[in-house]
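Listed here are the chains, written in short residue letters.
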Amino acid sequence: MNTKNTQHKEYVGPTIVIVGPTGSGKTSVAIEIAEEVGKILNLPIGEIGGEIISADSRAIYKHMDIGTAKPNEDERKRVPHFGLDLVEPGERFTVADWKDYAKQKIIEIRARGHVPIVAGGTGLYVDALIFDYQFRGPTGQKVIKANKKSYTESSTTEQINCSDRQKMVSEYKIFGIKWPTAQLRKRLLQRVNKLFVQELYDETAYLAANYGWDSQAMKSNIYQFAWKYVSGDCSLESAKELNFYDDWHLAKRQMTWFKRNNKITWLPLEKIKPAVLKCIQDGKI
RNA sequence: GCUGGAGUCGUCUAGUGGCAAUGACAAGAGACUGUAAAUCUCUCGCGCUUCGCGCUUCGUAGGUUCGAGUCCUACCUCCAGCA
């Protein structure tokens, strides 16, 4: 047992976090980094030095593969991925669940001597991790802020200590992929055009048949638009258009979320990999 | 050429004499610590000293009226029908 582990010294460098709006290229750049990081860690040739944890609130669902732009089988073979296919659509899985899961995986990856790379666009998940949000109890009530009028219906809840958004856990180094508006829109448009194919319709039909449309997982993403087209409610063109608008709105909301985090190093896509590799090389947390 | 219908904020749209004028989409800004690709808020003719004020708007030009997107006349454009 320890014969193998001798070459697996625990990794003590930074945990890399890569964020960005949908369609910014997080998945592919994370894979590229994971594949190259072995050199920096002086791992044996052929050993993949990075492992990816997806911070994506839709990729946690099984059977939602092409509609959520999950890394495909090939990509998952190249680099170990976590945070995918954790629960059935409609099953309850919260930020708190994800945070615990991610923390556990990070510990495991580090123990293997590899670099944990958290990549995803769900800002709440990322913040929960890097700012170490404290949640009450395993399946406790929603955290209520005293002065939020929208939550006044519950009298049993109370204000709890919220973690400070200025105090990021020092282990993390967070990078953001920055795109000019016009270019990101173009990328999203191209992605939409690629996605509306038979495989998507099949996936949509499968999900609709097995899980219905009630769950939040099925609400307001590509599936509803694909379904509209498949069932003849609208033309292919308008289904694509509607989905594009939806994607763009999401991207904007994500940017709004990330904007307030001043710990993020924003870089264009092509500069992310060199910056991350350098960061790992420098090694200090 | 004649007859009928239609021209309103980027787009579609409500409005048939009374406050820049409805709704939707798009666009922009923001909130969000327990299903977050969710949910929610604000702006959206122009300019200001912006809980208000000023200016200019509903194809174009006139007219009626205290008051016109709305009524009348002419013209322009588009659509349909007849020639």
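What you are looking at is a predicted structure, and each value in this text was computed from that prediction instead of being measured.

## As for the confidence of the model for chain A
A residue-level look at chain A finds 87% of positions with pLDDT of 70 or above and a mean pLDDT of 88. When the criterion is pLDDT under 50, residues 1-5 qualifies, and its contacts beyond four places in sequence or with other chains add up to zero contacts. Across the interfaces of the predicted complex, the ipTM metric reaches 0.87, alongside a pTM of 0.89.

## Examining the packing of helix α4 (residues 95-111) against helix α5 (residues 123-130)
Two numbers describe how α4 lies on α5: the axes approach to 9 Å, and their chain directions differ by 55°. Accordingly, the angle class assigned to the pair α4 and α5 is oblique. The two elements α4 and α5 cross, and the hand of that crossing is right-handed. Of the residues in α5, those in contact with Val95, Trp98, Lys99, Ala102 and Lys103 of α4 are Leu124, Tyr125, Ala128 and Leu129. In terms of residue class, the contact of α4 with α5 is built from seven nonpolar, no polar and two charged.

## Description of the environment of Leu129
Considering the arrangement of structural elements, one finds Leu129 in helix α5. Its 28 C-beta neighbours within 10 Å are what place Leu129 among the buried residues. Separated by eleven residues in sequence, Leu129 and Val118 have C-alpha atoms that sit 9.8 Å apart. With residues up to four places along the chain from it excluded, the contact list for Leu129 reads Lys99, Ala102, Lys103 and Val118.

## Quick look at the pairing of strand β2 (residues 50-54)
In terms of burial, β2 is largely enclosed, as five of its five residues are buried. The pairing of β2 with strand β4 (residues 115-119) spans five bridges and is classified as parallel. Residue pairing across strands places Gly50 opposite Val115, the latter belonging to β4. The sheet contact formed by β2 and strand β3 (residues 81-82) spans two bridges and is parallel.

## Here we look at the environment of Val17
Residue placement: Val17 occurs in strand β1 (residues 15-19). Taking the C-beta count within 10 Å as the criterion, Val17 has 25 such neighbours and is therefore assigned buried. Through-space distance from the C-alpha of Val17 to that of Ile60 is 18 Å; in sequence the pair is 43 residues apart. In this structure Val17 touches Val118, Val126, Ile130, Tyr172, Lys173, Ile174 and Phe175, once residues within four positions along its chain are discounted.

## Re the packing of helix α8 (residues 222-230) against helix α9 (residues 236-259)
Between two packed helices, both the angle of their axes relative to each other and the distance between the axes serve to describe the pair. Closest axis-to-axis distance for the α8/α9 pair is 9 Å, and the angle between their directions is 170°. Accordingly, the angle class assigned to the pair α8 and α9 is roughly antiparallel. Each of Ile222, Phe225, Ala226, Lys228 and Tyr229 in α8 lies in contact with α9, whose residues at this interface are Leu236, Ala239, Leu242 and Asn243. Per-class residue counts for the contact of α8 with α9 are seven nonpolar, one polar and one charged.

## A short note on helix α10 (residues 269-282)
In this model α10 runs 21 Å from its N-terminal to its C-terminal C-alpha over 14 residues, within 8% of the 20 Å that 1.5 Å per residue would give. Looking at the buried side of α10, the elements it contacts are β1, α2 (26-41), β4, β5 (172-177) and β6 (265-267). Directly after α10, the chain includes Gly283, whose backbone phi takes a positive value near 75°.

## Comments concerning the environment of Val115
Relative to the helices and strands, Val115 is located in strand β4. Distance from Val115 to Val37, taken between C-alpha atoms, is 7.8 Å for residues 78 residues apart in sequence. Each residue touching Val115, except ones within four places of it in the same chain, is listed here: Tyr11, Gly13, Ile16, Val37, Gly49, Gly50 and Ile280.

## Notes on unusual backbone geometry
A positive phi is found at Asp85, a non-glycine position, where the angle reads about 55°. Phi is positive for Asp132, which is not a glycine, with a value near 55°. Following the sequence through the fold, Asp132 ends up in the loop between α5 and β5.

## Focus on the pairing of β1
Of all five residues making up β1, five are buried, and the element is well covered by its neighbours. Residues Thr15, Val17 and Val19 point to one face of β1 and Ile16 and Ile18 to the other, with burial holding for every one of them. When β1 meets β4, the two strands line up parallel, connected through three bridges. Looking at the pairing, Val17 lines up with Val118 of β4.

Each value, and the rule that gives it
Residues numbered from 1 in each chain as written. Chains lettered and ligands numbered in written order. Predicted model: local features only at pLDDT ≥ 70, side-chain atom pairs only at ≥ 80, totals over all residues. pLDDT = per-residue confidence, 0-100. Contact = placed C-beta atoms within 7 Å. Axes fitted to C-alpha atoms, helices over the stretch in contact; angles between N-to-C directions. Helix = DSSP H or I, 4+ residues; strand = E, 2+ residues; numbered from the N terminus. Parallel < 35°, antiparallel > 145°, perpendicular 65-115°, else oblique. Left-handed = near helix turned anticlockwise from the far one by under 90°. Nonpolar A, V, L, I, M, F, W, Y, C, P; charged D, E, K, R; others polar. Buried ≥ 20, exposed ≤ 12 C-beta atoms within 10 Å, placed from the backbone. Pairing = 2+ DSSP bridges. Expected span 1.5 Å × (residues − 1).

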